Each structure stands twice: as structure tokens, then as C-alpha cells.
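Chain by chain, the residues run as shown.
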Amino acid sequence: MHKTQEEIEKIREGGKIHTRILQQTAKLAKPGISTWELNAFAEAEILKAGGRPSFKGYGPKGHQFPAGLCTSLNSVVVHGVPSKNQVLKEGDILGLDIGMEYKGLYTDTAITVAVGNITKEAQRLLELTKKALSIGIEQARIGNKVGDISAAVQKVADDNHLGIIRDLVGHGVGHAVHEDPQVPNYGKKGAGPELKEGLVIAIEPMFTLGTDDIFIEDDGWTVTTRDQSLAAHFEHTVAITKNGPEILT
Ligand code: MG
């Protein structure tokens, strides 16, 4: 599961393109645009750059994700499916999650954006989930354990009385969309697998303003909070290096 210097170099190159595309897609997330249009833009940019949208067609035959971009609106935590009928409006929060394959290697990154003006509570959720990602990344160091990342992320949620999604976790990434180890957003310091040089992981806190209880909607993908509370998701692909954590997206 560990990557060579050459592989990390390719992931770094793909990650730069990937990040640019996510940011451009985020800028388009304004009232009046549909999530289908956002997906069309992101997919086209990925193909133009010589990449492949790795979420598109992900999953077993007969149940494959239909888009390159996950668009998770308000109480949707992750894996929202873009739709022409889903038009953004002022006050929404929207999770944008893209997987990309580039030169045979994979990166994964997500943000949650405000559509126009949002409530103070929603703003607080976005800021704290983003902060948890940074604090988690700080622990992605040689010799630390996966649990050091998990515990750091969990502390931000616990200190601020936010719900932590437990049924979905971060993961290794690089040779495939999802690899070992799992990187939960809760856990104990010093527990779990050791972080070694060349490991590449996607760290992805998912917090809510309510509880951790979720369900999957009838489309078989969309993961929504049971209590309909708002949810946020931020994600980076990170390499464990001799010089500390390197954010590749
Ligand atoms: Mg991921």
C-alpha cells in the first residue's frame, strides 16, 4: 500500500489539477445552477486535463455511481447524485466530492461550500469541519498511528458538540479509489496501524449539527442524516513523508 517517490510525484501532479478543478467547480455553486451542470463542468475539465473521473461507474455492475462528482446538499452527508432537478438556492450548503485517476494513480478531495449567504450555525459547521481536517492532517506523521488522526478529528467535534459520522471513514488511496487502511473520524490516540513513509491516505471528516444517525435514500447512494440536520464534509489526499504530512490535493 506504500507508494514510491515516482508514484507520489505523479499523484502530486494529478492532485494539482484535481484541486484546481474542485475549486473552479466550487466557484460555480451559486443560486440558480443545477448540480447536474456542476457535474458536467467537473467531468469535462477532468477529461480535458487527461484524467478520468474515478467515481463515475464506481460500484458493482447494475449499481454504479452515475457521475464524476458527488453533490451533497444540506442534510446529505456524502454520495449525493447530481440532478437537473436539483437547483441551488441561497442559504444552501453543498458538499462537492471528486475522485480522479491521472497517469494510473488516484486522488480524492472534497469541500463543502456556502451557496450565497448561509446561517451562522451552518457557517460554524463548515469552519469546524474544515478545521478538523487540518488538525487531523497535522497528525499524519511517520511513527504516529491512524488513531492519532482519528482522535484529533474527533476532539474538534466533541469540543463543539457536533455529530460525527461513524459509518463512513477515510481511507488509503493511490493505486485505487479506496485502499487500506481505514481512517475513521473517531478513535483513540496510539491505536490502529502505524503510519509509515510513502503511505497515502484520504482524511475526510464528516460532521453534522445533529446526531450521527444516517440512512441511504432510495437511489442506493445518497447518504442523509436521519434527523435532517445539516452535514459537512472536507477531504484531502495526504502523503506521509520524511518532511511531515504533504497535502497532495
Ligand atoms: Mg474519500
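Structure: see above.
Residues numbered from 1 in each chain as written. Predicted model: local features only at pLDDT ≥ 70, side-chain atom pairs only at ≥ 80, totals over all residues. Heavy atoms only, no water.

## Details of the coordination of the magnesium ion
- For the magnesium ion, the protein coordination sphere consists of Asp-108 (OD), His-171 (NE2), Glu-204 (OE) and Glu-235 (OE), at 2.2 to 2.3 Å.
- Sequence spacing among the residues donating to the magnesium ion works out to D-x62-H-x32-E-x30-E. With a gap of 63 residues between them, Asp-108 in strand E5 (residues 105-114) and His-171 in strand E7 (residues 170-172) connect regions that are remote in the sequence.
- The class for His-171 is buried, based on a relative accessible area of 5%. (Donors = N, O, S within 2.8 Å, 3.2 Å for Na, K, Ca; no water. Helix = DSSP H or I, 4+ residues; strand = E, 2+ residues; numbered from the N terminus. Buried < 20%, exposed > 50% of the residue type's maximum accessible area, 1.4 Å probe, protein only.)

## Focus: the packing of helix H1 (residues 5-27) against helix H2 (residues 35-48)
- Running from N to C, H1 and H2 cross one another at 155°; their axes reach a closest spacing of 10 Å. Relative to H2, H1 is oriented roughly antiparallel. For the crossing formed where H1 meets H2, the hand is right-handed. Contacts between H1 and H2 involve Arg-20, Ile-21, Gln-24 and Thr-25 on the former and, on the latter, Leu-38, Phe-41, Ala-42, Glu-45 and Ile-46.
- When grouped by side-chain class, the residues that make up the contact of H1 with H2 number five nonpolar, two polar and two charged. (Axes fitted to C-alpha atoms, helices over the stretch in contact; angles between N-to-C directions. Parallel < 35°, antiparallel > 145°, perpendicular 65-115°, else oblique. Left-handed = near helix turned anticlockwise from the far one by under 90°. Contact = heavy atoms within 4.5 Å. Nonpolar A, V, L, I, M, F, W, Y, C, P; charged D, E, K, R; others polar.)

## Let's talk about H2
- The first and last C-alpha atoms of H2 sit 20 Å apart over 14 residues, in line with the 20 Å expected at 1.5 Å per residue.
- Residues of H2 that are buried: Thr-35, Leu-38, Asn-39, Ala-42, Glu-43, Glu-45 and Ile-46. Looking down the long axis of H2, one finds its buried residues gathered within 165° of arc, a one-sided arrangement. Exposed positions of H2 whose direction lies more than 90 degrees from the buried face are Leu-47 and Lys-48.
- Next to the buried residues of H2 lie H1, strand E1 (52-53), strand E2 (69-73) and strand E4 (93-102).
- Just beyond H2, the residue with positive phi is Gly-50, at close to 85°. (Expected span 1.5 Å × (residues − 1). Arc of directions from axis to C-beta.)

## Points about the pattern of salt bridges
- Per the stated rule, a full pass over the model turns up 14 salt bridges.
- Taking the shortest distance from any N to any O, the salt bridge between Arg-124 and Glu-121 comes out at 3.7 Å. A residue pair is termed a helical-turn pair when its members lie 3 or 4 positions apart in one helix, as Arg-124 and Glu-121 do in helix H3 (residues 120-138) at three residues.
- The partly exposed category is assigned to Glu-121, whose relative accessible area is 41%.
- Residues Asp-159 and Lys-155 are paired through a salt bridge, measuring 2.7 Å at the closest nitrogen-oxygen approach. A residue pair is termed a helical-turn pair when its members lie 3 or 4 positions apart in one helix, as Asp-159 and Lys-155 do in helix H4 (residues 146-159) at four residues.
- Note on Asp-159: relative accessible area 45%, which makes it partly exposed.
- For Lys-155, a relative accessible area of 51% gives the class exposed. (Salt bridge = Lys/Arg side-chain N within 4 Å of Asp/Glu carboxyl O.)

## As for the side chain of Asp-97
- Along the chain, the position of Asp-97 falls in strand E4.
- Look at Asp-97: it is buried, it has no salt bridge, and the nearest opposite charge is Arg-52 at 14 Å.
- In this structure Asp-97 touches Phe-55, Gly-68, Leu-69, Cys-70, Asp-108, Thr-109, Ala-110, His-233 and Glu-235, once residues within four positions along its chain are discounted. (Lys, Arg positive; Asp, Glu negative; His and termini not counted.)

## A short note on the sheet that holds strand E12 (residues 223-225)
- Spatially, the three strands line up as an open sheet ordered E3-E12-E11, and their pairing is antiparallel. The outermost strands of the open sheet, each flanked by one partner alone, are strand E3 (76-78) and strand E11 (214-216). Going from strand to strand, the sheet's axes swing by 40° on average, the running direction of each strand aside.
- Strand direction decides the pairing type here: E3 and E12, joined by two bridges, are antiparallel. Looking across to E12, one finds that Val-78 is bridged to Val-223. (Pairing = 2+ DSSP bridges.)

Coordinates in, geometry out; function isn't part of it.
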